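Listed below, chain by chain, are the residues.
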Amino acid sequence: MKNLLLSLSALLICSSAFAQLRVTPNGTTSTDSYIYVSDEVLFVEGEIFLTENTNDPTTVASIYLRDEAQLIQGTTASDNRGSGSISIFQESNSDSYDYNYWCSPVGVPAGGPGNMAFGTSRLFDQVSDTESTLALTTSGFNGTASPLRISRRWLYRWNPNSQRWLWNSTNDIVGAGRGFIMKGTEETIHGDPFNDPNTQRYDFRGRPNNGTMQLPVQVGVPFTDGIIYNYTLAGNPYPSALNLYDVFNDPDNTEIDSFKFWDEDRSVNSHLYVNNKGGYGTWLPGASDTDPGLYTAPTFLSYDNSGVPTGGSTGTGASFERLNAPVGQGFMIMADNIGDGFVYIRNSHRRYIKEGAGNNSQFRNPNGTSNSDASSTAAGGGTTNNATQIPHMRLQTFFGDNTHMRDMILAFRPESTDGYDRGMDATHPMDGDISEAYFKIGESADTYKNLVIQTVPFAGDKQVPISFALEEETKFYVTIVDETNAPYSYAYLFDSERGTYQEITNGELAVQLLPAGTYESRFFITFRGDFNDRNQDPLVDAQNELKEAVEFFQNNRVATLEVNNPEGYDVKSVNIFDMAGKLVLSQENLGTQKNMAFPTANFSDGVYLVKLTTVDNFAIDYKINVFNK
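A brief look at the structure comes next. (Residues numbered from 1 in each chain as written. Predicted model: local features only at pLDDT ≥ 70, side-chain atom pairs only at ≥ 80, totals over all residues. Heavy atoms only, no water.)

**So, unusual backbone geometry**
Just so we agree on the cut-off: The secondary structure listing takes helices from DSSP runs of H or I that are at least 4 residues long and strands from runs of E that are at least 2 residues long, numbered from the N terminus. Only protein chains enter the accessibility calculation, which uses a 1.4 Å probe. A residue is then buried if its area is under 20% of the maximum for its type, exposed if over 50%, and partly exposed in between.
Geometrically, the link from S146 to P147 is a cis peptide bond, its omega value of 0 degrees lying close to zero. Locating P147 in the fold gives a position in the loop between β14 (136-138) and β15 (149-151). The phi torsion at D67 lies on the positive side, around 55 degrees, for a residue other than glycine. With respect to the helices and strands, D67 occurs in the loop between β7 (63-66) and β8 (70-73). By relative accessible area, D67 is classed as exposed at 53%. Phi is positive for A559, which is not a glycine, with a value near 55 degrees.

So this is what it looks like as structure tokens:
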């Protein structure tokens, strides 16, 4: 017979709060004692003392947190202790070829009091609602789901001092508050909340982390590709949600520039660097601890065997809600060389927030969608009016017809400046290799910064520099895919050398064909175009003529894209991309045929971008809506 120390109803009666909490087996009756919490918060102001249950193998843990239940502890300085464990679930949404970034909410329940290190000895395979077995490990390349078997080849932590990856193996050596990376398994198992074929449930069992985590940050050390990232792998170290606005705005955390979140193309099933594609998205907090903030989706990059980005067709990641980091979420902190060289994560940053897009709290959505403003990209762009969000535009630059895309944000706040404003500007990862777009600010080499998110005070005559770095002759396209509380009616890409304006609002794309070089003082985002001069450039005239002559029609009845070319332009290529930037159809050397048709029966329902390019390197772009139901 088991002794349920406190039922959920009992917890509710006492407001789910304890000054201190002690859970031990019943020595008199030799029965297990545990707390089972479902869909509620358990709050303990002081220490938690847990003793392992040994009477029944199905109820070994001392506290079970189920159905989004979470544990929060107060600001009273106290160390958790004892041999007992809590049990809390998290799903990975990754297969055996894909990494997730983690941060454990628990440590080893042994040794002295306080937070302990983490390793695979704290990962368990769920058997029932209260019973789990220790996860197995393998030296093989692929983990398995049933039984849960973790490949120890892919367990790494990050050394911020050397800016290098370190192999964990199965050792319990990941410090509390430090992140680690781990590949998933190949199959769906029990407890799948999203019906996703790559969802793996992990039962984290151990001593719950509590109190302040002090994490050293190091700046000025280059990674293997020669770029200085200033990264520290951290995450949410608690069995509750973590509010990243509070972490960022903690007075002791002035080192934080932004938070970086890893994502990768999960359709690629390979363990080789040269085959995989991934990158870091960037998140900045908003104006309050309930503002979802600003997030730029990662550019997916290909890598060589040394982990250095290379060129090629890549695409981009999805956008997720990042304000409240859910249990187990790992992320990189990008640091600046200010403050005392440490970042602090505290109990005061904790929240009881259920995981989900509606609560601005996503570990990773397996369907690659969210309710953020960036999700409108997948719907063909749009305008959002939300008084609680900072006015901003989402700019996307597509390089060539078959390479990558850079997602950036230009925001507007009256209290901002044209220089670097911490909390309003985010440093650019600058990992686009052969071509890149970025905002460059600063008056001298000592103050230069490249930004992926920039905030400026708005004015109708404002000119915001936008820079492009090209290692070879490249055609690229700039457009605004989303606007939130926009303070302008139209926006343009202004070429100061040619004196031309190309509209980038209302679905329009600015097109440029430039030789290799770095262009840091030529192009600007403006809001009042010079209509007398904007159409006098021959390139713009040719683009307009092509756009007027060629017609597109998505015939969903027969699942075909029909293109009419009555003027007989010599068509070099027609490429179709999904709105994540992935190439889904490509046909070349089509010649001067006046009627062309392209099958779309195998496309998923959604919006796609069609790029038609002539042999003279003029292009036309068109968005189609595909419905194959």
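**Let's talk about the pattern of salt bridges**
Note the cut-off: The salt bridge definition used is simple: a Lys or Arg side-chain nitrogen within 4 Å of an Asp or Glu carboxyl oxygen.
Following the criterion strictly, the structure yields 21 salt bridges and no others. With its nearest N and O atoms 3.6 Å apart, the salt bridge here joins D129 to R66. Here D129, found in the loop between β12 (123-126) and β13 (132-134), pairs with R66, found in strand β7; they are 63 residues apart in sequence, far enough to count as distant. Of the residues examined, R66 reaches a relative accessible area of 2% and is grouped as buried. E91 serves as the salt-bridge partner of R201, at 2.5 Å between the closest nitrogen and oxygen. Note that R201 is positioned in strand β19 (residues 201-208) and E91 in strand β9 (residues 86-91), a separation of 110 residues in sequence. Its relative accessible area of 15% is what places R201 among the buried residues. Each of the salt bridges in this network shares a partner with another, and the network as a whole consists of D495, E497, R498 and R522.

**So, the packing of aromatic side chains**
What counts is decided by this rule: Aromatic pairs are defined between Phe, Tyr and Trp rings, using the six-membered ring for Trp, whenever the two ring centres lie within 6.5 Å; interplanar angles under 30 degrees are classed as stacked, those over 60 as edge-to-face, and all others as tilted. Geometrically, a charge over a ring is one whose NZ (Lys) or CZ (Arg) sits within 6 Å of the ring centre while staying within 35 degrees of the ring normal.
Tallied over the full model, the rule gives 37 aromatic pairs. Ring pairing ties together the aromatic residues Y101, W158, W165, F223, Y229, Y231, W262 and Y280, which thus form one cluster. One cation-aromatic arrangement involves R66 over F89; the distance from NZ or CZ to the ring centre is 3.9 Å. Taking the ring centre of F248 as reference, the NZ or CZ of R422 above it sits at 3.9 Å.

**Remarks on a nonpolar patch on the surface**
Quick reminder of the rule: Think of a patch as exposed residues, more than 30% relative accessible area, with no salt bridge, where like charges cluster within 9 Å and nonpolar side chains (Val, Leu, Ile, Met, Phe, Trp, Tyr) cluster within 5 Å. Here the accessible surface of atoms and residues is derived via Shrake-Rupley with a 1.4 Å probe, and residues count as covered only by protein chains that are part of the display.
Taken together, the side chains of L272, Y273 and V274 make up a nonpolar region of the molecular surface, amounting to roughly 290 Å² of accessible area. Secondary-structure assignment places Y273 in the loop between β23 (256-264) and β24 (277-284). On the accessibility criterion, Y273 (46% relative accessible area) is partly exposed.

**Considering the environment of S33**
Cut-off, in case you're wondering: Polar contacts, as used here, are pairs of N or O atoms within 3.5 Å; protein pairs need one atom able to donate a hydrogen and one able to accept it. Residues neighboring in sequence count only if both atoms are side-chain atoms.
Assignment of secondary structure puts S33 in strand β4 (residues 33-38). Overall, S33 belongs to the buried group, its relative accessible area being 4%. On a C-alpha basis, the gap between S33 and E52 in space is 9.1 Å, while along the polypeptide they are 19 residues apart. Of the polar contacts made by the side chain of S33, one reaches the backbone oxygen of T24; its length is 3.0 Å.

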